[in-house]
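Summary of structural features
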Amino acid sequence: MHDIRRVRDDAAAFDAAMARRGLAAQSSAVLALDSTRRTAQAALQEKQTRRNALAKEIGQGKRTGADTSALEAEATRLRDDMTALEAEAKAADEAQLHLLEALPNILDADVPEGRDEADNVVLRQHGEPAALTFTPKQHFELGEALGLMDFANASKLAGARFTVLKGALARLERALGQYMLNLHTEQHGYSETQVPLLVNAATMYGTGQLPKFEDDLFKTTDGRYLIPTAEVPLTNLLRDEIIAEPITPIRYTALSPCFRSEAGSAGRDTRGMLRQHQFNKVEMVSLCRPQDSDAEHERMTQCAEAVLTALGLTWRRMFLCAGDTGFGATRTYDLEVWLPGQGMWREISSCSNCRDFQARRMNARYKPAEGKGSIFLHSLNGSGVAVGRALIAVMETHQQPDGSILLPEVLVPYMGGMDRIG
């Protein structure tokens, strides 16, 4: 959510910020509604002042036996005028809110210009794609050959974009999630959290999924939504709260199923388990003071990178361009892994700084140790990482010529000592 004062103070800068997102100028419509609301509220205040004065005059007149009919008639007209003004102010306020809540966050000045993922910038790379002596297979070819990845029965049970994992691959998926969760809680300072998988509309609104992205969500018949990521409930833990000044960032992590309709992705990644309606993900969320959010963003991204390095994967950090940065973010780093079977880089984590954009929607604040009033928190979120995609990356990166899969050393304890699947 945007601060209307920012639009009032520099409408041209606000329009320029929206133009970086590929949007037409928005300030004129927003400020016109703002002017209507403020004018109606000012007139309402004037009429309320006059009505209060009339009430005193009518009271005095009745006590002295004077004729107050004219005064009472004026009071009635004022009441009707005030009702109309209240409705006008409310309508303008709701229309202004409707405009503002549909507008994306303002990007940081150093976010690269660009229209789509082709314009994203490589910031660093860990490792080089291995020169294999055999033709690598994709994860679904490996999984089906092992008899441990079943798409036919998944389709029978639930339709397209679902997977049934069996045996050692099912255990590997569980091992990955547990390893990541332990790493973030034991070494990275995140607090493990169990969250609801069904949330209400206010929770979805708080992190920006509603109203803009409703088509991407699964909604139940009682008006609740399946979470698309644990970011949603984790960030909303401080909704409508005013906390004491957080000297260090408040950090949460959760391993949860995620549910996405994948609206608009017809025909993309239809084979395998890259793009699923249901998948597991370890999420990291931080809430902090404004002055701490840049450092926290870097720290969070490094926490995700540590997972990929420990799994023996080749990865790179991407700085998303203006046209590819998500709705609620001011800046985003994507982590991509090299998948030998596909012969391409694929996203496995996305770490974003939202600054106070979500906090304004949630009304999440802190009270400074010194001074008066309260300040909106900054919120950050990142995948630490997507478990299904990590499974894919481990399978394709560590596959052997005979179709078996060597397991990263850090996962062996979680696999009961097993160091190879095959």
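Structural notes, computed from the coordinates. Being a predicted model, the structure only gives us computed values, none of them experimental.

Focus on the sheet that holds strand 11 (residues 315–319)
- Ordered by their spatial adjacency, 8 strands build an open sheet running 1-11-12-13-16-10-9-4, and the pairing between neighbours is mixed. Edge strands, defined here as strands with exactly one partner in the open sheet, are strand 1 (121–126) and strand 4 (191–192).
- In this structure, strand 10 (residues 278–288) lies alongside strand 16 (residues 378–386), joined through 7 bridges in antiparallel fashion. When the bridges of strand 16 are listed, Ser-286 appears paired with Leu-380.
- The sheet strands contacting helix 7 (residues 167–186) are strand 4, strand 9 (250–259), strand 10 and strand 16, and the helix crosses strand 9 at an angle near 165°.

Some points on the packing of aromatic side chains
- Across all of its chains, the model carries 5 aromatic pairs by this definition.
- Ring geometry for Tyr-179 against Tyr-414: centres 6.1 Å apart, planes inclined by 80°, an arrangement best described as edge-to-face. Of this pair, Tyr-179 sits in helix 7 while Tyr-414 is found in the loop between strand 17 (405–406) and strand 18 (420–421), placing the two residues 235 residues apart along the sequence.
- For Tyr-179, a relative accessible area of 10% translates into the label buried.

Examining the nonpolar core
- Leu-172, Leu-176, Met-180, Leu-311 and Ile-421 are the most contacted members of the largest nonpolar core, which totals 47 residues.
- Counting residues per element, the ones that place at least two in this core are helix 5 (139–146), helix 7, strand 10, helix 10 (293–310), strand 12 (331–339), strand 13 (344–355), strand 16 and helix 12 (387–397).
- A per-element tally of this core places helix 7 first, with 9 residues.
- Residues contacting Leu-311, with those up to four places away along its chain left out, are Leu-176, Tyr-179, Ala-390, Val-394, His-398, Pro-408, Val-410 and Leu-411.
- Grouped together as the second largest cluster of nonpolar side chains are 15 residues, Tyr-252, Ala-254, Val-285 and Leu-377 included.

Some points on the sheet that holds strand 5 (residues 198–199)
- Read across the sheet, 3 strands follow the order 5-7-6 without closing on themselves; strand pairing throughout is antiparallel. Each end of this open sheet is capped by a strand with a single partner; those strands are strand 5 and strand 6 (218–219).
- Sheet topology places strand 5 next to strand 7 (residues 225–226); 2 bridges connect them, and they run antiparallel. Pairing of Leu-198 across the sheet is with Leu-226, part of strand 7.

What to know about the pattern of salt bridges
- Going through the model one piece at a time under the given rule, you end up with 30 salt bridges.
- Residues Arg-360 and Asp-3 are paired through a salt bridge, measuring 3.4 Å at the closest nitrogen-oxygen approach. Taken together, the residues span a long stretch of sequence, with Arg-360 in helix 11 (residues 357–362) and Asp-3 in the segment before helix 1 (4–9) at a distance of 357 residues.
- Judged by relative accessible area, which is 18%, Asp-3 ranks as buried.
- Across the pair Arg-355 and Asp-108 runs a salt bridge, and its minimum N-O distance is 2.8 Å. Of this pair, Arg-355 sits in strand 13 while Asp-108 sits in the loop between helix 4 (69–101) and strand 1, and the two are 247 residues apart along the sequence.

What counts, and at which threshold
Residues numbered from 1 in each chain as written. Predicted model: local features only at pLDDT ≥ 70, side-chain atom pairs only at ≥ 80, totals over all residues. Heavy atoms only, no water. Pairing = 2+ DSSP bridges. Helix = DSSP H or I, 4+ residues; strand = E, 2+ residues; numbered from the N terminus. Contact = heavy atoms within 4.5 Å. Axes fitted to C-alpha atoms, helices over the stretch in contact; angles between N-to-C directions. Phe/Tyr/Trp six-rings, centres within 6.5 Å; stacked < 30°, edge-to-face > 60°. Buried < 20%, exposed > 50% of the residue type's maximum accessible area, 1.4 Å probe, protein only. Core = buried A, V, L, I, M, F, W, Y, C linked by side-chain atoms within 4.5 Å. Salt bridge = Lys/Arg side-chain N within 4 Å of Asp/Glu carboxyl O.

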